[in-house]
Amino acid sequence: MSKSKLKVVVIAVLLGVLSFTGLNQGNIQADELKSKQVVLAKEIIKSIKYQADIKTELEIIKNKESSDSDALNIDLTLEMTFQKTLENLEIELIKDKLEFELVNKQILSVGDTAELPYLGDGSYTWPVEDYFNVSQYYGATHKGIDINTLGAHPNVVAVQTGIVVKAINDGDGFGNKVVVYQGDNTYTLYAHLQTMKVQVGQYIEEGKIIGLVGHTGNSTGDHLHIQMTKSGNVENNTIDPYEYIKIVENK
Ligand SMILES: [Zn+2]
């Protein structure tokens, strides 16, 4: 074998070894990121629940103060402690959410997010502000429901808490579409948006704005097409969204 040929072989082998270890490192990194994501998600869910509990306690104390003036001195200390805890929780939450978003972006660049625990609380918010007219229901040929806005472009809000895994118009007929992953294989797709106001990797809470209703893609007029799944594939294995979001129409 000539010297130059040998050189080529050595380089090829080296490149092979490098790309192989690179690939393994990628997998290990993805696994590490996913465990980190799960820990952070659980932390966030716990903090939000704790926050809600403290707010309820504070409400009770304040009600007691207004009805019973003798209780004022004792409860003021407790009230201040609770306020301080709330402030600290808020700071923790902001930090955790930022880190969570960073991890999400890294994970989305290497793989999927299917191992995340369910992020919602079981409740659903109606997805379109001020408009409740369902112009087309779920069925064999229509995998979601349409909410007609009569030419208006109101806010589309998240029906449940999750992370944005798609915010794109990829020419599939959905127009500007946003897909939110809520953990445990549950996804929601929001289609035909005029404007998308979220980014991939972003943590979005139930009720927060995703974009504006529009008629991008295969659409004859302004409406939101929303479709959902509980088994991982929001394009095909769909469920009837109306079974869930009709429960709470206006929060
Ligand atoms: Zn539709």
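All values derive from a computational prediction rather than experimental measurement.

### Focus: the sheet that holds strand S3 (residues 155–157)
Reasoning step 1: Taken in spatial order, the 3 strands make up an open sheet running S3-S9-S7, and their pairing is antiparallel. Edge strands, defined here as strands with exactly one partner in the open sheet, are S3 and strand S7 (195–196).
Reasoning step 2: Bridging between S3 and strand S9 (residues 209–212) involves 3 bridges; their strand directions are antiparallel. In the sheet register, Val156 faces S9, and the bridge partner there is Gly211.

### Points about the side chain of Thr161
Reasoning step 1: Following the sequence through the fold, Thr161 ends up in the loop between S3 and strand S4 (162–168).
Reasoning step 2: Separated by 3.0 Å, the side chain of Thr161 and the backbone nitrogen of Glu206 make a polar contact.
Reasoning step 3: Once residues lying within four places of it in the same chain are set aside, the contact partners of Thr161 are Leu119, Gly120, Gln182, Tyr203, Ile204, Glu205 and Glu206.

### A closer look at the pairing of strand S2 (residues 145–148)
Strand residues, when the strand is regular, have side chains that alternate between the two faces of the sheet.
Reasoning step 1: Pairing analysis gives 3 bridges linking strand S1 (residues 133–136) to S2, with the strands arranged antiparallel. Looking at S2, one finds that Gln136 is bridged to Asp146.

### Quick word on the coordination of the zinc ion
Reasoning step 1: The zinc ion binds to the protein through His142 (NE2), Asp146 (OD) and His225 (ND1), with metal-donor distances spanning 2.0 to 2.1 Å.
Reasoning step 2: Along the chain, the residues donating to the zinc ion are arranged with the sequence spacing H-x3-D-x78-H.
Reasoning step 3: Residue His142 is classed as buried on the basis of its relative accessible area, which comes to 10%.
Reasoning step 4: On the basis of relative accessible area, Asp146 is assigned to the buried category, the value being 7%.

### A closer look at the confidence of the model for the chain
Reasoning step 1: Across the chain, pLDDT averages 83, with 82% of residues at or above 70.
Reasoning step 2: Here residues 14–23 scores under 50 on pLDDT; set against residues more than four positions off or in separate chains, the count is 0 contacts.

### A short note on the pattern of salt bridges
Close approach of charged atoms allows side chains with opposite charge to pair.
Reasoning step 1: One pass over the structure, following the stated rule, counts 7 salt bridges.
Reasoning step 2: In this structure, Glu205 and Lys97 form a salt bridge, with 2.5 Å as the shortest nitrogen-oxygen distance. Placement of Glu205 in the loop between strand S8 (203–204) and S9 and of Lys97 in helix H2 (residues 72–110) is noted, with a sequence separation of 108 residues between them.
Reasoning step 3: Glu205 sits in the partly exposed class, given a relative accessible area of 25%.

### A word on the environment of Tyr118
Reasoning step 1: Here Tyr118 lies in the loop between H2 and S1.
Reasoning step 2: Take Tyr118: its relative accessible area is 30%, and that puts it in the partly exposed class.
Reasoning step 3: Residues Tyr118 and Asp184 lie 66 residues apart in sequence; the distance between their C-alpha atoms is 4.9 Å.
Reasoning step 4: Apart from residues lying up to four places away in sequence, Tyr118 is in contact with Ile45, Tyr124, Gln160, Gln182, Gly183, Asp184 and Thr186.
Reasoning step 5: Engagement of the side chain of Tyr118 in a polar contact is seen with the backbone nitrogen of Gly122, the distance being 3.4 Å.

### Some points on the packing of aromatic side chains
Reasoning step 1: Scanning the entire structure with this criterion turns up 6 aromatic pairs.
Reasoning step 2: Seen from their ring centres, Tyr181 and Tyr187 are 4.4 Å apart, and the 35 degrees between their planes marks the pair as tilted.
Reasoning step 3: A residue is classified by how much of its surface remains accessible, and Tyr181, at 0% relative accessible area, is buried.
Reasoning step 4: Under the relative-accessibility criterion, Tyr187 is labelled buried at 12%.
Reasoning step 5: Through a chain of ring-to-ring contacts, three or more aromatic side chains come together here, namely Trp126, Phe132, Tyr137 and Tyr242.

### Focus: the environment of Asn218
Reasoning step 1: When you line up the elements, Asn218 lands in the loop between S9 and strand S10 (223–229).
Reasoning step 2: You can call Asn218 exposed: its relative accessible area is 64%.
Reasoning step 3: Along the primary structure Asn218 and Gly171 are separated by 47 residues, whereas in three dimensions their C-alpha atoms are 9.3 Å apart.
Reasoning step 4: Each residue touching Asn218, except ones within four places of it in the same chain, is listed here: Gly173 and His192.

### Regarding the layout of surface pockets
Reasoning step 1: Its volume calculated, the largest pocket comes out at about 350 Å³.
Reasoning step 2: Looking at the largest pocket, it is lined by 17 residues, and the ones nearest its centre are Ile48, Asp121, Thr161, Glu205 and Glu206.
Reasoning step 3: Of the residues belonging to the lining of the largest pocket, the class tally is 6 nonpolar, 4 polar and 7 charged.
Reasoning step 4: A domain split of the lining of the largest pocket shows at least three residues from each of domain 1 (3–110) and domain 2 (133–245).

Parameters and conventions
- Residues numbered from 1 in each chain as written.
- Predicted model: local features only at pLDDT ≥ 70, side-chain atom pairs only at ≥ 80, totals over all residues.
- Heavy atoms only, no water.
- Pairing = 2+ DSSP bridges.
- Helix = DSSP H or I, 4+ residues; strand = E, 2+ residues; numbered from the N terminus.
- Polar contact = N/O pair within 3.5 Å; in protein donor to acceptor, adjacent residues only side chain to side chain.
- Contact = heavy atoms within 4.5 Å.
- Donors = N, O, S within 2.8 Å, 3.2 Å for Na, K, Ca; no water.
- Buried < 20%, exposed > 50% of the residue type's maximum accessible area, 1.4 Å probe, protein only.
- pLDDT = per-residue confidence, 0-100.
- Salt bridge = Lys/Arg side-chain N within 4 Å of Asp/Glu carboxyl O.
- Phe/Tyr/Trp six-rings, centres within 6.5 Å; stacked < 30°, edge-to-face > 60°.
- 1 Å grid on protein atoms, 1.4 Å probe; cavity = no way out; pocket = protein on both sides within 12 Å on 5 of 7 lines; lining within 4 Å.
- Points joined across faces, edges and corners; volume = space filled by probe spheres on them.
- Nonpolar A, V, L, I, M, F, W, Y, C, P; charged D, E, K, R; others polar.
- Domains from an automatic or database assignment.

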